[in-house]
Amino acid sequence: MRHDKYPLKAGAPSGGRPLLARVRNSKYPFIVGFLIAPVVLYVVFVISPYIQAFQIALTNWKGISATPQFIGLENFTRLFEDEVFWAAVRHHGVLLLVVPLATIAIALFFSFLLNLSGGQKGAGMTGIWGSKFYRVVFFLPQVLAVAIVGVLFQAIYRPDETGVINSMLAKVGVEPIGWLIDPDLALWSIMGVMIWQAVGFYVVLFSAGMSSIPKDVFEAAALDGAGRFTLFFRITLPLLWDTMQVAWVYLGIAAFDAFALVQVLSVDRGGPDNATTVLPLEIWRTAFNFSKFGYASAMGVALFFMTITFAALTLRVTRRERIEF
Amino acid sequence: MAANTTGTTSAADPVHKPSPRTAVPHARRKRSRNPIGVFGTLSHVALAIWAILIIGPIVWTFLASFKTNTEIFGDALTLPASYGWDAWGRAWEKAHIGQYMLNTVFVVACSTAGTMLLGSMAAYVLARYKFPGNRAVYYLFVSGMTFPVFLALVPLFFVVRNLGLIDTHLGVILVYIAYSLPFTVFFLSAFFKTLPTSVAEAAMMDGCSHTRTFFQIMMPMAKPGLISITIFNILGQWNQYLLPIVLLSGNVEDKWLITQGVANISTSAGYEADWPGMFAALSMAIIPVMVVYIVFQRQIQSGLTSGAVK
């Protein structure tokens, strides 16, 4: 056994160890050494751009060689009068309402089926046969790149008879539908893809939440005569509230994004006729196609405030007492 | 009393009537067994429909890569006449999918390694050492998760440009690492907090330096968490679309990553009328990810939910 080279002397400050040993093993050089690379990288590429974005939003910077001039809040007043900006915001509103609601409802339904609908067996509730397989399959769209999913659905949504959906409709005698070229349908088609991709993630999330509910709760309720549905609505759902809150916030933040899907799937990048444009797409276009960097940054700032407001509101409104178990 | 009444409804037994508590569940169970049959079938139907909705498009794309151009413009629901691999060959060569794949593998490997190294170093220090500014640095990292990337897009482009890193893989790698740090630090510091201090203390008493303790003792103990987060980072960075199209312009097509490559092919396929090639490219982009997912799906699902579910 190795003897401690510097046995601690009772009563002596710093354990009585010689100075050299203290300095060599001191924690501060270690802390700095370990933190410096990540922090520097992070500040340069993340923090400083975020701060600069606010600055640039207050200028009228219009090109790589132009010099920016401070124009105060003029970009924002122009933003208020911009038709396209408000169209994008309206679309975000629709996305925000439909996508979280639909995704959570569908995911809850499938989680219920996979976890609790098998009836009571022994000590707890079990899922339906094959739940493991379904869970693996359902999660698959999440691991695909959004851009890839977009290209994939281009072929499915093709507006003539060669599109996959339209082919199937043709078999039952329905005329082909212009999924992405009809201004009224385009946004809904894109939302369908978003929901398609998101459901699996939330099935897994809710399943994990359901399995963390202790079995005694279910047992007690079942002993009192509760059937499967009562169990779900009166017990599982309230206990899952925290997880559902998290899901709502995540989905809402995704509703403010939708960049890759709209860029790849929509006609004319946000068409037809601005029927599907979203703010991230507008920011990207304004900045990199039109070089209006000041204006684009102002849009970024507006997007940021909308996202933060949504997250804060959701957390506040859906707050309930934490149930500890 | 207990011996006579557990489990059995002895309706004929006048003396020991079964207590209400044990009788009712039994009766309920019997009554509800019939609806279970119908409900069970409906559930399977619903689940199967969704499973088809998911597998369907992917299988269709895969099959379409074997069709010829005219077949694709015919009925979408027929099987290909022959299963030649020429579309795949064309996608690999002419459409440079091979190049894009190699680029993406290189970039993602470097940036995941960098993210995990720097992220775990930062998370370890933040989780286990008290020093002035610890909380400030931690919140600085974590708050990065709440900001939309689009806010920083324009200045980021210029920062990278001023550093001369536009159109380079190094620029992309550094940006990927920087933007993956918040998530990594957040999860890993929570994880490091759960590791026992006794082992580290024993090591230090034996004269191990902080660095050695970290690399040789704490990191191996954190392996499950590290594996989950590594997989997340790999998937997330492989699937990046926005950052590559901003940082790697059209001047350096040979450096492009696979997501932007495939998206670009979809627009040019319209002009060159090589749809099977495009579907082959799409399949080539999907299959590696699917394989990684199927192999690691248990780690992915458990790692994901351990953080988000309280």
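Residues numbered from 1 in each chain as written. Chains lettered and ligands numbered in written order. Predicted model: local features only at pLDDT ≥ 70, side-chain atom pairs only at ≥ 80, totals over all residues.

- Looking up chain B in an unreviewed UniProt entry gives the name Sugar ABC transporter permease, with the organism given as Planobispora longispora.
- Taken directly from UniProt, the Sequence similarities (unreviewed entry) text for chain B runs: "Belongs to the binding-protein-dependent transport system permease family."
- UniProt lists a comment for chain B under the heading Subcellular location (unreviewed entry), and it reads "Cell membrane". (UniProt positions renumbered as here; feature names shortened; annotations may be inferred.)

- Named according to an unreviewed UniProt entry, chain A is Sugar ABC transporter permease originating from Planobispora longispora.
- Comment text from UniProt for chain A, heading Sequence similarities (unreviewed entry), reads "Belongs to the binding-protein-dependent transport system permease family."
- Listed under Subcellular location (unreviewed entry) in UniProt, the entry text for chain A is "Cell membrane".

## What to know about the overall build of chain B
1) Next: Scanning chain B from N- to C-terminus turns up 15 helices and 0 strands.
2) Next: Relative to its 310 residues, chain B shows a buried fraction of 39%.
3) Next: A separation threshold of at least 6 residues defines the contact pool for chain B, and within that pool the share at least 24 residues apart is 71%. (Helix = DSSP H or I, 4+ residues; strand = E, 2+ residues; numbered from the N terminus. Buried ≥ 20, exposed ≤ 12 C-beta atoms within 10 Å, placed from the backbone. Contact = placed C-beta atoms within 7 Å.)

## Examining the overall build of chain A
1) Next: Secondary structure assignment for chain A yields 14 helices and 2 strands.
2) Next: Across the 325 residues in chain A, those meeting the buried criterion constitute 42%.
3) Next: For chain A, the share of sequence-separated contacts (at least 6 apart) that also reach a separation of at least 24 residues comes to 64%.

## Comments concerning helix 11 (residues 210–221) of chain B
All names here are of chain B.
1) Next: Between its first and last C-alpha, helix 11 extends 15 Å over 12 residues, near the 16 Å set by a 1.5 Å rise per residue.
2) Next: Those residues of helix 11 that sit buried are His210, Thr213 and Phe214. Along helix 11, the residues classed as buried sweep out an arc of 95 degrees about the axis, all on the same side. Along helix 11, exposed side chains directed more than 90 degrees from the buried face belong to Arg212, Gln216 and Pro220. (Expected span 1.5 Å × (residues − 1). Arc of directions from axis to C-beta.)

## Observations concerning the packing of helix 8 (residues 183–211) of chain A against helix 11 (residues 241–255) of chain A
When two helices pack together, their arrangement is given by the angle between the helix axes and the distance between those axes.
Residue and element names in this part refer to chain A.
1) Next: Packing of helix 8 against helix 11 leaves a shortest axis separation of 10 Å and a crossing angle of 160 degrees. Comparing the axis directions of helix 8 and helix 11 gives the class roughly antiparallel. As helix 8 packs across helix 11, the resulting crossing turns out to be right-handed. Seen from helix 8, the contacting residues are Ala198, Tyr202, Leu205, Phe206 and Gly209; seen from helix 11, they are Thr243, Ala247 and Leu251. (Axes fitted to C-alpha atoms, helices over the stretch in contact; angles between N-to-C directions. Parallel < 35°, antiparallel > 145°, perpendicular 65-115°, else oblique. Left-handed = near helix turned anticlockwise from the far one by under 90°.)

## So, the environment of Leu140 of chain B
Residues and elements named next belong to chain B.
1) Next: Along the chain, the position of Leu140 falls in helix 7 (residues 134–143).
2) Next: Among the residues examined, Leu140 registers 17 C-beta atoms within 10 Å and is labelled partly exposed.
3) Next: Taking the C-alpha atoms as reference points, Leu140 and Pro182, 42 residues apart in sequence, are found 8.4 Å from one another.

## Here we look at the domain arrangement of chain B
All names here are of chain B.
1) Next: When cut into domains, chain B gives domain 1 (20–88) and domain 2 (95–308).
2) Next: Taken residue by residue, the interface counts 11 residues in domain 1 and 9 residues in domain 2.
3) Next: Contributions of two or more residues to the side of domain 1 that touches domain 2 are made by helix 3 (33–64), helix 4 (69–72) and helix 5 (86–93).
4) Next: The greatest single-element share of the side of domain 1 that touches domain 2, amounting to 4 residues, is contributed by helix 3.
5) Next: For the side of domain 1 that touches domain 2, the class distribution of residues is 6 nonpolar, 4 polar and 1 charged. (Domains from an automatic or database assignment. Nonpolar A, V, L, I, M, F, W, Y, C, P; charged D, E, K, R; others polar.)

## Points about the UniProt feature "transmembrane region" (unreviewed entry) in chain A
1) Next: Per the UniProt record, the feature "transmembrane region" (unreviewed entry) sits at residues 30–51, 94–116, 136–157, 185–205, 247–266 and 293–315 of chain A.
2) Next: Helix makes up 100% of residues 185–205 of chain A and strand 0%, and the two end C-alpha atoms of the span are 30 Å apart.

## Thoughts on the UniProt feature "transmembrane region" (unreviewed entry) in chain B
1) Next: What UniProt calls "transmembrane region" (unreviewed entry) maps, in this numbering, to residues 36–60, 100–126, 138–158, 170–192, 213–235 and 275–296 of chain B.
2) Next: Secondary structure content for residues 138–158 of chain B is 76% helix and 0% strand, while the C-alpha to C-alpha distance between its ends is 27 Å.

## Focus on the interface of chain A and chain B
1) Next: Contacts between the two partners involve 80 residues from chain A and, on the opposite side, 78 residues from chain B.
2) Next: In terms of residues, the side of chain A that touches chain B owes the most to one element, helix 2 (residues 27–56) of chain A, which gives 19 residues.
3) Next: For the side of chain A that touches chain B, the per-class residue count stands at 58 nonpolar, 17 polar and 5 charged.

## So, the environment of Pro159 of chain A
All names here are of chain A.
1) Next: Here Pro159 lies in the loop between helix 6 (146–156) and helix 7 (164–171).
2) Next: Taking the number of C-beta atoms within 10 Å as the measure of exposure, Pro159 has 17 and is therefore partly exposed.
3) Next: In contact with Pro159, other than residues within four places in its own chain, are Pro176, Gly178, Trp179, Leu180 and Ile181.

## Observations regarding helix 11 of chain A
Residue and element names in this part refer to chain A.
1) Next: Under the 1.5 Å per step criterion, the end-to-end length of helix 11 is 21 Å for 15 residues, consistent within 8% with the ideal 21 Å.
2) Next: Turning to helix 11, its buried residues are Thr243, Met244, Ala247, Trp248, Leu251, Gly252 and Ala255. Projected down its long axis, helix 11 shows its buried positions confined to an angular sector of 170 degrees, all on one face.
3) Next: Buried residues along helix 11 sit in contact with helix 4 (83–115), helix 8 and helix 14 (293–317).

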